[in-house]
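# A look at the structure
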Amino acid sequence: MPKLKPILGSFFNAGFLPNAPGTWGSFFALFPIYFVGLYSPWYGMVLLAILFSYITVWVSEECEKEWGGDPSPLVMDEFAGQAVTFIAIPFSGILSQDLLLLFVGFIFFRFFDIQKPLGVNKLQEIPGGWGILVDDLLAGVYALICMQGLLYILEII
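Residues numbered from 1 in each chain as written. Predicted model: local features only at pLDDT ≥ 70, side-chain atom pairs only at ≥ 80, totals over all residues. Heavy atoms only, no water.

For the rest of this paragraph, the subject is the side chain of Ser 10. Locating Ser 10 in the fold gives a position in the loop between α1 (4–9) and α2 (21–39). A relative accessible area of 0% places Ser 10 in the buried class. At a separation of 2.9 Å, a polar atom in the side chain of Ser 10 contacts the main-chain carbonyl oxygen of Pro 6. Once you skip the residues sitting within four places of it in the chain, Ser 10 turns out to touch Gly 15, Phe 16, Trp 67, Pro 73 and Val 75. (Helix = DSSP H or I, 4+ residues; strand = E, 2+ residues; numbered from the N terminus. Buried < 20%, exposed > 50% of the residue type's maximum accessible area, 1.4 Å probe, protein only. Polar contact = N/O pair within 3.5 Å; in protein donor to acceptor, adjacent residues only side chain to side chain. Contact = heavy atoms within 4.5 Å.)

Listed below in structure tokens is the structure:
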């Protein structure tokens, strides 16, 4: 089991791709997010965020032993935060529209995950896997607020 945790935490070694492993993790998260978002109501995305959160906390201790504190190859936390971004975001089934939604949500999430504004950075001090996870969840909440605001504005126009 200890050998499985780093593989799962890095999403089958995607966290070792060059230049910004968190960005790669966020990108790969879009595939299950789209599938769940397309075929399930909002609570499917909540369940997906919970699943990715659980996996992050479960694998984090072993990943930190292998790679050090808050290791960059551990990208499962990006999966959880990216899922939060898409809670209650309606996918239409029209690929061009849905790809645009995915792209915008991806950009919002990466912005908040990298910049860590409004206390996001402080959350990394929480001990254990929770510190690794919670900053990404809050970045996902900020991105979700931006997504909902953007969709509201576009609906008015």
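To continue, consider the pattern of salt bridges. As a working rule, side chains carrying opposite charge can pair if their charged atoms are close by. Following the criterion strictly, the structure yields 5 salt bridges and no others. Lys 65 is the salt-bridge partner of Glu 61, the closest N and O atoms lying 4.0 Å from each other. Linking Glu 61 with Lys 65, this pair stays in helix α3 (residues 42–67), spanning 4 residues, or about one helical turn. The pair formed by Glu 61 and Lys 65 is uniform in burial state, with each residue classed as exposed. (Salt bridge = Lys/Arg side-chain N within 4 Å of Asp/Glu carboxyl O.)

This part is about the environment of Leu 138. Residue position: Leu 138 is located in helix α6 (residues 129–156). Of the residues examined, Leu 138 reaches a relative accessible area of 22% and is grouped as partly exposed. As for Leu 138 and Ser 53, which are separated by 85 residues in sequence, their C-alpha atoms are 12 Å apart. Not counting residues within four places of it along the chain, the set of residues in contact with Leu 138 comprises Leu 118, Val 120 and Leu 123.

Another aspect to go through is a nonpolar patch on the surface. Taken together, the side chains of Leu 17, Trp 24, Phe 27 and Phe 31 make up a nonpolar region of the molecular surface, amounting to roughly 360 Å² of accessible area. With respect to the secondary-structure elements, Phe 31 resides in helix α2. The class of Phe 31 is exposed, set by a relative accessible area of 51%. (Patch = residues over 30% accessible without salt bridge, like charges linked within 9 Å, V, L, I, M, F, W, Y side chains within 5 Å. Areas by Shrake-Rupley, 256 points an atom, 1.4 Å probe, with all protein chains shown as cover.)

To continue, consider the layout of surface pockets. Considering only enclosed or pocket space, the largest pocket measures out at about 230 Å³ in volume. Along the walls of the largest pocket sit Pro 90, Ser 92, Gln 97, Leu 100, Leu 101, Val 104, Met 147, Leu 150, Leu 151 and Leu 154, which together make up its complete lining. Those elements giving two or more residues to the lining of the largest pocket turn out to be α5 (95–115) and α6. Taken as a whole, the second largest pocket spans an internal volume of roughly 180 Å³. Lining the second largest pocket are 15 residues, with Asp 70, Ser 72, Asp 77, Glu 78 and Asp 113 sitting closest to its centre. (1 Å grid on protein atoms, 1.4 Å probe; cavity = no way out; pocket = protein on both sides within 12 Å on 5 of 7 lines; lining within 4 Å. Points joined across faces, edges and corners; volume = space filled by probe spheres on them.)

Here the focus is the confidence of the model for the chain. Of the residues in the chain, 99% reach a pLDDT of 70 or more, and the chain-wide mean stands at 92. Highest mean pLDDT in the chain belongs to helix α4 (residues 76–85) (97); lowest belongs to α6 (92). (pLDDT = per-residue confidence, 0-100.)

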